[in-house]
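Examining the three-dimensional arrangement
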Amino acid sequence: MGVQLPRWVWVGAVTLACIAGMVNVIGYLGFEHQAVSHLTGTTSLLGASLASGNWRSVGHLWAVLIAFSLGATLSGLIIQDSTLRLGRRYGVVLSIEALLLAGSVPMFENRQILGALLASTACGLQNAMVTTYSGAIVRTTHLTGMFTDLGIGLGHLLRGMPLPMRRLTLSGLIISGFLGGGILGAWAFRAWHYKALLVPAALTGLAGIGYVLYRNWTMRRSRPKPAARDRAREPLQPR
């Protein structure tokens, strides 16, 4: 079943997971120690801050939650679909994500919470952009669902049930991409501090350009040749 996923889905999922891993680890290593690519831990910290009455932290955490949601909202406005399909405006979304990540660098360097908000918006934008493909759940900014799918697959294997190889392979690749991105992000942060975010910004921009080029190439290949179109339009001659 793994071969049924087009090459652009495989490459895109791993690339975006790597980018999200880099962004998240840089955000976490920064002055706020704030994860920006997922909201589970952020929501837990919000609960703890509300319980302790730490209103400054409450404001920051709420802002991160809202920023991620706004990114997902923007993605929904642009793409208007929850299923991966070649031809959608993913290049536009990736370009906006690149700009958000690049714009977060000076904010982080000035120790402003707006840096984390821009990075979180970028992650929400990315995560909403890729949702499902042919029944396989695609999440690139967090791994809970990916590890859950692997656990379900192991349970099926122990029961002697058939394995959903497409889903398991995709999950494994996304986990590997996110982990690899975290390693690269940590190395880059030590070398360049917050300017390390320019690396995932550049990768996102290149991914957007690559997608547009691949989409145009694929669409040109799928168009009928002029001679074939002319023959198709010719009226049938009576015999």
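Structure: see above.
What comes next concerns the included structure. Not measured: the values here are computed from a predicted model. (Residues numbered from 1 in each chain as written. Predicted model: local features only at pLDDT ≥ 70, side-chain atom pairs only at ≥ 80, totals over all residues. Heavy atoms only, no water.)

**Structural notes on the overall build of the chain**
Looking only at helices and strands, one finds nine helices and two strands in the chain. Among the 239 residues that make up the chain, the fraction classed as buried is 41%. Look at the contacts in the chain between residues 6 or more apart in sequence, and 71% of them connect residues 24 or more apart. Carbon and sulfur atoms provide 64% of the accessible area of the chain, an area that totals close to 13000 Å². (Helix = DSSP H or I, 4+ residues; strand = E, 2+ residues; numbered from the N terminus. Buried < 20%, exposed > 50% of the residue type's maximum accessible area, 1.4 Å probe, protein only. Contact = heavy atoms within 4.5 Å. Areas by Shrake-Rupley, 256 points an atom, 1.4 Å probe, with all protein chains shown as cover.)

**A look at the nonpolar core**
Val 23, Ile 26, Phe 108, Met 129 and Ile 174 are the most contacted members of the largest nonpolar core, which totals 45 residues. Only α1 (7–29), α3 (55–79), α4 (90–109), α5 (114–129), α7 (165–192) and α8 (198–222) provide two or more residues apiece to this core. No other element matches α1, which puts 11 residues into this core. (Core = buried A, V, L, I, M, F, W, Y, C linked by side-chain atoms within 4.5 Å.)

**Notes on helix α6 (residues 144–158)**
Compared with the 21 Å implied by 1.5 Å per residue over 15 residues, the 21 Å span of α6 between its first and last C-alpha is a close match. Looking at α6, one finds that the buried residues are Met 146, Asp 149 and Gly 153. Each buried residue of α6 sits inside an arc of 60 degrees when the element is viewed along its axis, so together they form one side. Turned more than 90 degrees away from the buried face of α6 sit Thr 144 and Leu 158, all of them exposed. A positive backbone phi angle near 75 degrees is found at Gly 160, which sits one or two residues after α6. (Expected span 1.5 Å × (residues − 1). Arc of directions from axis to C-beta.)

**With respect to the environment of Val 23**
By the secondary structure assignment, Val 23 is in helix α1. Of the residues examined, Val 23 reaches a relative accessible area of 2% and is grouped as buried. Separated by 158 residues in the primary sequence, Val 23 and Gly 181 have C-alpha atoms spaced 8.2 Å apart.

**Here we look at a nonpolar patch on the surface**
On the surface, Leu 50, Trp 55, Trp 62, Ile 66 and Leu 70 cluster together into a nonpolar patch covering about 570 Å² of accessible area. Among the elements that line the nonpolar patch, the one with the most residues is α3, at four residues. By secondary structure assignment, the location of Trp 62 is in helix α3. (Patch = residues over 30% accessible without salt bridge, like charges linked within 9 Å, V, L, I, M, F, W, Y side chains within 5 Å. Salt bridge = Lys/Arg side-chain N within 4 Å of Asp/Glu carboxyl O.)

**Describing the environment of Tyr 211**
Structurally, Tyr 211 is set in helix α8. The sequence separation of Tyr 211 and Gly 91 amounts to 120 residues, and the corresponding C-alpha distance is 6.3 Å.

**Focus: the packing of α4 against α5**
Where α4 meets α5, the closest approach of the two axes is 7 Å, and the angle between their N-to-C directions is 165 degrees. Between α4 and α5, the angle falls in the class roughly antiparallel. Crossing geometry of α4 relative to α5 is assigned as left-handed. Contacts between α4 and α5 involve Tyr 90, Val 93, Leu 94, Ile 96, Glu 97, Leu 100, Leu 101, Gly 103, Ser 104, Met 107 and Phe 108 from the first element and Leu 114, Gly 115, Ala 116, Leu 118, Ala 119, Thr 121, Ala 122, Leu 125, Gln 126 and Met 129 from the second. A class-by-class count of the residues in the contact of α4 with α5 yields 15 nonpolar, five polar and one charged. (Axes fitted to C-alpha atoms, helices over the stretch in contact; angles between N-to-C directions. Parallel < 35°, antiparallel > 145°, perpendicular 65-115°, else oblique. Left-handed = near helix turned anticlockwise from the far one by under 90°. Nonpolar A, V, L, I, M, F, W, Y, C, P; charged D, E, K, R; others polar.)

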